[in-house]
Amino acid sequence: MKNNIIRLAKELGFAIPQMNVNGLIWIEGVLKAAENQQSPIIIGTTDKNIEYLGGYEFILNTIKNKVQAMKITVPVIVHLDHGLSVENCKAAVDAGYDSVMFDGSQLPIEENIKQTKKVVEYAQLHDVLVEGEVGAVGGEEDGLIGQVKYADIDECVALVKEAKLDTLAPALGSVHGKYQGEPNLGFEEMTIIRNQVDIALVLHGASGISNNDIQRAIKLGHAKINFNTEINISWSKQLRDTLDENKELFNPQKILKPSIQAIELTAEKIIKMCGSNHQSKTLFKKNGDEKLWS
Ligand code: 13P
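My aim in this report is to walk through the structure given alongside it, one point at a time. (Residues numbered from 1 in each chain as written. Predicted model: local features only at pLDDT ≥ 70, side-chain atom pairs only at ≥ 80, totals over all residues. Heavy atoms only, no water.)

### Some details on the site of the ligand
Quick reminder of the rule: Proximity is defined per residue: if any heavy atom of the residue lies within 4 Å of a molecule or strand, that residue is considered near it. Two N or O atoms count as a polar contact when they lie within 3.5 Å, although within protein this holds only if one can serve as hydrogen donor and the other as acceptor, and sequence-adjacent residues are included solely when both atoms are side-chain atoms. Counting from the N terminus, the helices are DSSP H or I runs at least four residues long and the strands are E runs at least two residues long. Amino acids outside the nonpolar list (Ala, Val, Leu, Ile, Met, Phe, Trp, Tyr, Cys, Pro) and the charged list (Asp, Glu, Lys, Arg) are all regarded as polar, and Gly is one of them.
Around the ligand there are 15 residues in total, and Asp81, Gly205, Ser207, Asn228 and Thr229 lie nearest to it. Here an oxygen atom of the ligand and a side-chain polar atom of His204 are 3.0 Å apart. Those elements that place two or more of their residues in the shell around the ligand are strand 3 (76-83), strand 9 (175-176) and strand 11 (222-227). A per-class count over the shell around the ligand returns 3 nonpolar, 10 polar and 2 charged.

This is the structure:
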């Protein structure tokens, strides 16, 4: 059985960033940043985007092939973000994903537990990590729109215990996409949850959250922090600037390269905020001889 790399990060006091990818140039930019910073990295593909990304197997193999081609030495975990059904999570496991999230947050808790359990039972057979969610992260992500609903503490404890989760995403005021006003995270609830469940917590909707709040969340047990919007904002801004600066430009590489660099720079900033820079070696060392994702 492989070691839970996110639990190791929690023990070491930092978070592994999850960065969602929207195609090849995101994969390149994020991997380059992780290697430059010697940081473990979680590459997220959100289930809503899977068809656009070419299917579970295609995108998984594309990421793994890129890891090889770029001679990446840091651990790279490929994760299914917001798995929409038990079947979809199983399909991602079959394709070879390292980690899947089953998002049963819209279901009544009993049903969330029942379905998450099914995912965990299947994933464990294949050495795949499972993340569950309680409450609802608000905002908009790839067409999925939702209101914030704070996670109920008893429900968090029940889901973790009964489904035997590896990581838990308790929604505590963060939103996907751009924040309207200042983010307002529920640190009191976070403290209670941290004291009641001993697995690593996951923070969704981290784009736009201040460095201070990210550090507090890490201290309160978050060892996986998810980013998507911030990377897409810097990518699209650079793309617009490049095209505006030279209206005659049509060479794809000249247009795209600066935007890949923008992804890389933002990814490096995120890595430093999560404190995962230069932690790749430390993780391998802490892990000893056990099997670890790479
Ligand atoms: P952001 O939209 O804040 O980047 O959050 C991404 C996320 O949580 C993916 O699950």
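### Quick notes on the sheet that holds strand 8 (residues 167-170)
In plain terms, the rule: Here, any two strands with at least 2 DSSP bridges between them count as paired. For helices, the axis comes from a line fit to the C-alpha atoms of the stretch in contact; other axes are also lines fit to C-alpha atoms, and the angle between any two N-to-C directions lies between 0 and 180 degrees. Only heavy atoms enter the contact rule, under which two residues are in contact if any of them lie within 4.5 Å.
The strand order around the closed barrel built from 8 strands is 1-2-3-4-5-8-10-11, with neighbouring strands paired in parallel fashion. Looking at each pair of strands side by side, their axes are set apart by 25 degrees on average, direction ignored. Sitting on the sheet, helix 11 (residues 252-274) is in contact with strand 1 (16-20) and strand 11, with an inclination near 150 degrees to strand 1.

### What about the side chain of Thr116?
To keep it simple, the criterion reads: Remark: exposure states derive from per-residue accessible area (1.4 Å probe, protein chains only) relative to the maximum for the residue type, with buried under 20%, exposed over 50%, and partly exposed in between.
Along the chain, Thr116 turns up in helix 6 (residues 109-125). Given the relative accessible area of 0%, Thr116 is considered buried. Within the structure, the side chain of Thr116 is placed 2.6 Å from the backbone oxygen of Asn112, a separation counted as a polar contact. Residues within four places of Thr116 in sequence aside, it is in contact with Phe102, Leu159, Ala163 and Leu165.

### Re the side chain of Asn232
Structurally, Asn232 is set in helix 10 (residues 229-245). For Asn232, the side chain forms a polar contact with the side chain of Asn22, separated by 3.4 Å. If near-sequence neighbours (up to four positions away) are discounted, Asn232 is found in contact with Asn22 and Trp26.

### Side note on helix 10
For an α-helix the count is 3.6 residues per turn, leaving residues at separations of three or four pointing the same way. The cut-off we apply is this: A helix is expected to span 1.5 Å multiplied by its residue count minus one.
For helix 10, which comprises 17 residues, the first-to-last C-alpha distance of 24 Å matches the rise-based estimate of 24 Å (1.5 Å per residue) to within 8%. Among the residues of helix 10, Thr229, Glu230, Ile231, Asn232, Ser234, Ser236, Leu239 and Thr242 are the ones counted as buried. For helix 10, the elements touching its buried residues are strand 1, helix 2 (24-36), strand 11 and helix 11.

### Some details on the pairing of strand 11
Applied cut-off: The definition of a right-handed crossover adopted here requires that, viewed with the strands pointing away, the path from the first strand over the helix to the second runs clockwise.
Burial of strand 11 is extensive: 6 of the 6 residues sit out of reach of the surface. When strand 1 meets strand 11, the two strands line up parallel, connected through 4 bridges. Across the sheet, Pro17 pairs through a bridge with Ile225, a residue of strand 11. Where strand 10 (residues 200-203) lies against strand 11, 3 bridges are found, and the strand directions are parallel. When the bridges of strand 11 are listed, Val202 appears paired with Lys224. As for the winding sense of the linkage, the β-α-β connection from strand 10 through helix 9 (residues 211-219) to strand 11 is right-handed.

### Looking at the layout of surface pockets
Rule in force here: Using protein atoms alone on a 1 Å grid, points that fit a 1.4 Å probe yet trap it form a cavity, whereas open point sets bounded by protein on both sides within 12 Å along at least five of seven lines form a pocket; residues with an atom within 4 Å of a point count as lining. Grid points are joined across faces, edges and corners, and a volume is the space filled by probe spheres set on the points.
Approximately 220 Å³ is the volume attributed to the second largest pocket. Around the second largest pocket sit 16 residues that line it, and Gly139, Val175, Lys178, Tyr179 and Gln180 are the ones nearest its centre. Listing elements by their share of the lining of the second largest pocket, those giving two or more residues are strand 6 (138-141) and strand 9. In terms of residue count, strand 6 provides more of the lining of the second largest pocket than any other element does, 3 residues in total.

### Some words on the packing of aromatic side chains
The relation between two aromatic rings is expressed through the spacing of the ring centres and the mutual angle of the planes. In plain terms, the rule: Stacked, tilted and edge-to-face are the three classes applied to pairs of Phe, Tyr and Trp rings, where Trp contributes its six-membered ring and a pair requires centres within 6.5 Å; stacked means planes under 30 degrees apart, edge-to-face means over 60, and tilted covers the rest.
Scanning the entire structure with this criterion turns up 2 aromatic pairs. Look at Trp26 and Trp235: their rings are 4.7 Å apart centre to centre, the planes differ by 50 degrees, and that puts the pair in the tilted class. You can see Trp26 sitting in helix 2 and its partner Trp235 sitting in helix 10, a full 209 residues away along the chain. By relative accessible area, Trp26 is classed as buried at 8%. With a centroid separation of 6.2 Å and 80 degrees between ring planes, the pair formed by Tyr56 and Tyr97 is classed as edge-to-face.

### Remarks on the pattern of salt bridges
Note the threshold: Throughout this description, the term salt bridge denotes a Lys or Arg side-chain nitrogen within 4 Å of a carboxyl oxygen of Asp or Glu.
Tallied over the full model, the rule gives 9 salt bridges. Residue Glu131 pairs with Lys224 through a salt bridge whose shortest N-O separation is 2.7 Å. You can see Glu131 sitting in strand 5 (residues 129-134) and its partner Lys224 sitting in strand 11, a full 93 residues away along the chain. Neither Glu131 nor Lys224 differs from the other in exposure class; each is buried.

### Brief notes about the environment of Lys149
Summarising the element assignment, Lys149 is placed in the loop between strand 7 (144-146) and helix 7 (153-163). It is 7.4 Å that separates the C-alpha atoms of Lys149 and Gly173, two residues lying 24 residues apart in sequence. Leave out the neighbours within four places in its chain, and Lys149 touches Gly135, Ala136 and Ala171.

### A short note on the pairing of strand 8
Burial of strand 8 is two-sided: the residues Thr167 and Ala169 facing one way and the residues Leu168 and Pro170 facing the other way are all buried. In this structure, strand 5 lies alongside strand 8, joined through 4 bridges in parallel fashion. The residue of strand 8 that forms the bridge with Val134 is Pro170. Pairing between strand 8 and strand 10: 2 bridges, direction parallel.

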